[in-house]
Amino acid sequence: LRESSPPQGHGAPPVMTRVLVRRSRPVLDERRRVKVTVARPIPPDAPVQLLDYTGPGGPRFDAQGMVLPHSILGSLVDFKRQAEARGDTELAKRVPSASAMRGPEEAMWSDSQRAEATLADSPSPAEPQSHALRHWERHMAERRRQQDFLSRLLQKPVPELVMNQAGGFRAMQEQRELISRGLPALQDGQGLRVGSEFWSLPLRLGDELSGITATLSQRERGNLEPIAHIGQPRSLRLETGNILPGEVDRRPRGWDQSLYLQQRRQELRAVLQELDFSQPEIDGLEVIGSGEPFTCVSAECCPLQEQVTQEGPQGPEEPETQDPLADYPDVMMEALLLPSLQFCGQPARWIGSCSSHKGEVGVAARLTFEAMAGDQASSHLELSNDGSTAIYYSWQRLPIPHSFRPNPRDVHKQNFYFNSSPGVILPGDTQQILFTFKSQRPGVFSEVWALNPHPLLLGGAVLQVTLRGVALHQDKTADAREALQRELQRREAETVVEQILREVLQGVRTPERPGSPPELYVTEEQSFCQQNPQLQYDHMVVQSLNRLWEECVGSEVTEPWDLSIPHFREVSLSSVSHTTVTLVKPGGHSPCLMCF
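Fair warning: this is a prediction, and the values are worked out from it, not measured in the lab. (Residues numbered from 1 in each chain as written. Predicted model: local features only at pLDDT ≥ 70, side-chain atom pairs only at ≥ 80, totals over all residues. Heavy atoms only, no water.)

Engineer: Whenever I open this one, the overall build of the protein chain confuses me. Can you help?
Structural biologist: A tally of helices and strands in the protein chain yields 14 helices and 15 strands. For the protein chain, the exposed surface amounts to about 45900 Å²; the carbon and sulfur share of it is 55%. (Helix = DSSP H or I, 4+ residues; strand = E, 2+ residues; numbered from the N terminus. Areas by Shrake-Rupley, 256 points an atom, 1.4 Å probe, with all protein chains shown as cover.)

Below is the structure:
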């Protein structure tokens, strides 16, 4: 007998040999084809064909070969400018001028109306502050680079840098101020002058006569400023780099965790609520917007559509078991075996009749646009065929009743643009209809369109689309008008004050200086001639009569003679029986004797 032994080479690995085989590639039978278009001159006697485009969109031409204004998006001026920029001079020549497109109503416009229309059609200039956001982004990028450099240099996280601690320190100071105002209601020693600021005496340096007295501040008078909360929303702190994404706000260590602070807050809870009754939410106090035009799409279910949805196409629904797969969004439902259309997210289906609800509104969709004058805003309206048949559709514009008489210049002017040609939606397909709003003139514009599907849905009810566009006008002269208004108010006030002062000064006058009595300026000769018109004045004779008067009346009477001869005669006769007086007649120079 022999011992069994394993065969030789059983444990050794098999030997493998790698062999490289060269194989040639098969030669391609068909070579790559290149299509080249070669333009050749037409013979002189060939008939000239007019340009015509009958496709679903694009510029169209009239019998003279000029572009039709309603077949392009925007104005003819913009279309011609873009064609010239592309180098398409042939198409630019076929764009009619603005004067050639004027209607009979525009031909009767005045020069001012034409200038206004030309100004409205011209593109608006660039805004002077259009690069403000770019400057802000550049400065914020520079700030973040500085923060990263300081963080690497100091080996500290970015939120722990001193330049990012201002917000937390401000909140801490607000809490301290609030607690300090509430402590006088809890402790008597805190705030000794609280409530009795009227009796506060000002600080005086020196004596009462030659010293200086300081004025009390508003706080010392009891007029405290209201508590103001200043902060930044979280989005702004993320943009400036004060906090990192996904990180909570950091406050100074030990501030919010202080047991003493929590005890004080608990004790002053009622007082703090009364003092700081308004606690704003800083993170919600932010306005986030963009410079892009605003668009909004909404759809409203009318009562008819809700009733049809509840009843269904065959009548009222019967209670049935709940679908167990309704909670699983990945389960695709089968298509409805009837015409159905998702109109802006709202179902519009076949209800078994074509005219039961004719003239009523089934689904009302509303597209709102808001843009600056001269800019365009675009939005989409989604149409989805979730039924089992193809749906043909066409567009029809509905009239809008106007409360006021429309402007003749805006009656035939187009502001909303979309492809209004008929179309078809196959089962399972979705179409996005692009609506564009553009107006060169500011104002509010509206149009109402109806989508007419075939077969008719919702019993012939109207699928209505309301287009509302708001073209805004930037008031660039507001500052100048305000400055002019202030200047006019200042001049008006100066004029009124000047007029009042003039009237007051005219009423207040210095009384005139009293003049001398007229008797002082009357001479002796004038008085004598006035008393004795039949005699002629002689100074020597009058002086003699004055002496005689004094002799006759005596020294006791101080009354002077009034130069009256009749009076002199009466007085002389009473004192002397016979007196001889020599007088001069008016007509001659020889003296004569008068006897009394």
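Now that the structure is up, let's keep going.
Engineer: How should unusual backbone geometry be read in this particular structure?
Structural biologist: Glycine aside, residues mostly have negative phi angles, and peptide bonds mostly take the trans form. For the bond running from His454 to Pro455, omega is 5 degrees, close enough to zero to count as cis. For Gln155, which is not a glycine, the phi torsion comes out positive at approximately 60 degrees. Structurally, Gln155 can be placed in the loop between α4 (132-154) and α5 (166-182). Of note, Leu563 is a non-glycine position whose phi angle comes to about 65 degrees, a positive value. For Leu563, the location among the structural elements is in the loop between α13 (539-553) and α14 (565-575).

Engineer: What is the right way to look at the sheet that holds strand β3 (residues 294-301) in this model?
Structural biologist: Whenever strands of a sheet pair, they do so through backbone hydrogen bonds, lying parallel or antiparallel. Spatially, 6 strands are ordered β3-β6-β13-β12-β8-β10 in an open sheet, and the strand pairing comes out mixed. Where the open sheet ends on each side, the last strands, each with one partner, are β3 and β10 (423-425). Neighbour-to-neighbour, the strand axes of this sheet turn through a mean angle of 25 degrees, independent of strand direction. The sheet contact formed by β3 and strand β6 (residues 361-372) spans 8 bridges and is antiparallel. Its bridge partner lying in β6, Ala299 is registered against Ala365. (Pairing = 2+ DSSP bridges. Axes fitted to C-alpha atoms, helices over the stretch in contact; angles between N-to-C directions.)

Engineer: Looking at this model, I keep getting lost on the nonpolar core. Mind explaining?
Structural biologist: Most often, soluble globular proteins have nonpolar side chains that are buried together. By size, the foremost hydrophobic cluster in this structure holds 31 residues, and its most contacted members are Phe343, Leu381, Trp395 and Phe435. Of all the secondary structure elements, the ones that give two or more residues to this core are β4 (340-343), β6, β7 (376-384), β8 (391-398), β11 (430-438), β12 (443-454) and β13 (462-472). Sort the elements by how many residues they give to this core and β6 lands first, with 5 residues. Judged by nonpolar contacts, the second largest core, of 11 residues, contains Val541, Trp549, Trp561 and Val571. (Core = buried A, V, L, I, M, F, W, Y, C linked by side-chain atoms within 4.5 Å. Buried < 20%, exposed > 50% of the residue type's maximum accessible area, 1.4 Å probe, protein only.)

Engineer: Explain helix α1 (residues 76-86) to me, please; I cannot follow it from the model alone.
Structural biologist: Every α-helical turn comprises 3.6 residues, leaving residues that sit three or four positions apart pointing alike. For α1, the full list of buried residues reads Leu76, Asp78, Phe79 and Ala83. Axial view of α1: buried residues confined to an arc of 165 degrees, hence all on one face. Buried residues along α1 sit against α2 (89-93) and β11. Positive phi shows up at Gly87, right after α1, with a value of about 90 degrees. (Arc of directions from axis to C-beta. Contact = heavy atoms within 4.5 Å.)

Engineer: So what exactly am I meant to see when it comes to the side chain of Ser439 here?
Structural biologist: As for its placement among the helices and strands, Ser439 is situated in the loop between β11 and β12. A polar contact is formed between the side chain of Ser439 and the backbone oxygen of Arg441, at a distance of 2.7 Å. The contacts of Ser439, once residues within four sequence positions are left out, are Ala373, Gly374, Asp375, Asn415, Phe445 and Ala471. (Polar contact = N/O pair within 3.5 Å; in protein donor to acceptor, adjacent residues only side chain to side chain.)

Engineer: Could you clarify how one ought to interpret the pattern of salt bridges in this entry?
Structural biologist: When their charged atoms lie close together, side chains carrying opposite charge are able to pair. Inspection of the entire model under this criterion finds 14 salt bridges. Its salt-bridge partner being Glu174, residue Arg170 comes within 3.0 Å of it at the nearest N-O pair. With Arg170 and Glu174 both in helix α5, this residue pair falls 4 residues apart, about one helical turn. For the salt bridge of Glu447 with Arg397, the shortest nitrogen-to-oxygen distance reads 3.4 Å. (Salt bridge = Lys/Arg side-chain N within 4 Å of Asp/Glu carboxyl O.)

Engineer: Got a minute to help me understand a nonpolar patch on the surface in this structure?
Structural biologist: A cluster of nonpolar side chains, Phe149, Leu150, Leu153, Leu154 and Met163, forms an exposed patch at the surface whose accessible area comes to about 460 Å². Considering the arrangement of structural elements, one finds Leu150 in helix α4. (Patch = residues over 30% accessible without salt bridge, like charges linked within 9 Å, V, L, I, M, F, W, Y side chains within 5 Å.)

Engineer: What exactly am I supposed to notice about the state of the cysteines here?
Structural biologist: Think of a disulfide as a covalent bridge from one cysteine sulfur atom to another cysteine sulfur atom. Inspection of every chain in the model, using the stated rule, returns 0 disulfides. Of all cysteine sulfurs, the one in Cys344 lies closest to Cys296, which takes part in no disulfide; the gap is 9.6 Å. (Disulfide = S-S within 2.5 Å.)

Engineer: I'm lost on α13 in this one. Help?
Structural biologist: The end-to-end C-alpha distance of α13 is 21 Å, a good match for the 21 Å that 15 residues give at a rise of 1.5 Å each. Within α13 the residues assigned to the buried category are Val541, Val542, Leu545, Asn546, Trp549 and Cys552. Across the axial projection of α13, the buried residues extend over an arc of 145 degrees, all falling on one side. Exposed side chains of α13 directed beyond 90 degrees from the buried face belong to Met540, Glu550 and Glu551. (Expected span 1.5 Å × (residues − 1).)

Engineer: Before we go on, may I ask you to explain the confidence of the model for the protein chain in this structure?
Structural biologist: Low-pLDDT portions of the prediction should not be read for the details of their coordinates. Of all residues in the protein chain, 74% have pLDDT values of 70 or greater, and the mean over the chain is 76. Residue range residues 104-108 is modelled with pLDDT below 50. Its contacts to residues more than four positions away, or to other chains, number 3 contacts. Counting contacts from residues 313-321, a segment whose pLDDT is below 50, to residues more than four positions away or on other chains yields 7 contacts. (pLDDT = per-residue confidence, 0-100.)

Engineer: Where do I start with the environment of Pro427 in this structure?
Structural biologist: As for its placement among the helices and strands, Pro427 is situated in the loop between β10 and β11. On the basis of relative accessible area, Pro427 is assigned to the partly exposed category, the value being 39%. Residues Pro427 and Ala390, spaced 37 residues apart in sequence, show a C-alpha to C-alpha distance of 5.6 Å. In contact with Pro427, other than residues within four places in its own chain, are Asn385, Gly387, Ser388, Thr389 and Ala390.

Engineer: For this particular structure, what's the right way to read the pairing of β13?
Structural biologist: Put simply, side chains in a regular strand alternate between the two faces of the sheet. Among the 11 residues that make up β13, 8 are buried, leaving the element largely enclosed by the rest of the structure. Strand direction decides the pairing type here: β6 and β13, joined by 11 bridges, are parallel. Bridged to Val361 within β13 is Val462.

Engineer: What exactly am I supposed to notice about the sheet that holds strand β9 (residues 416-417) here?
Structural biologist: Overall, antiparallel pairing links the 5 strands, which are arranged β5-β4-β7-β11-β9 in an open sheet. Edge positions in the sheet fall to β5 (346-349) and β9, since each has one partner strand and no second. Relative to β11, β9 runs antiparallel, the two sharing 2 bridges. Pairing of Tyr417 across the sheet is with Thr436, part of β11.

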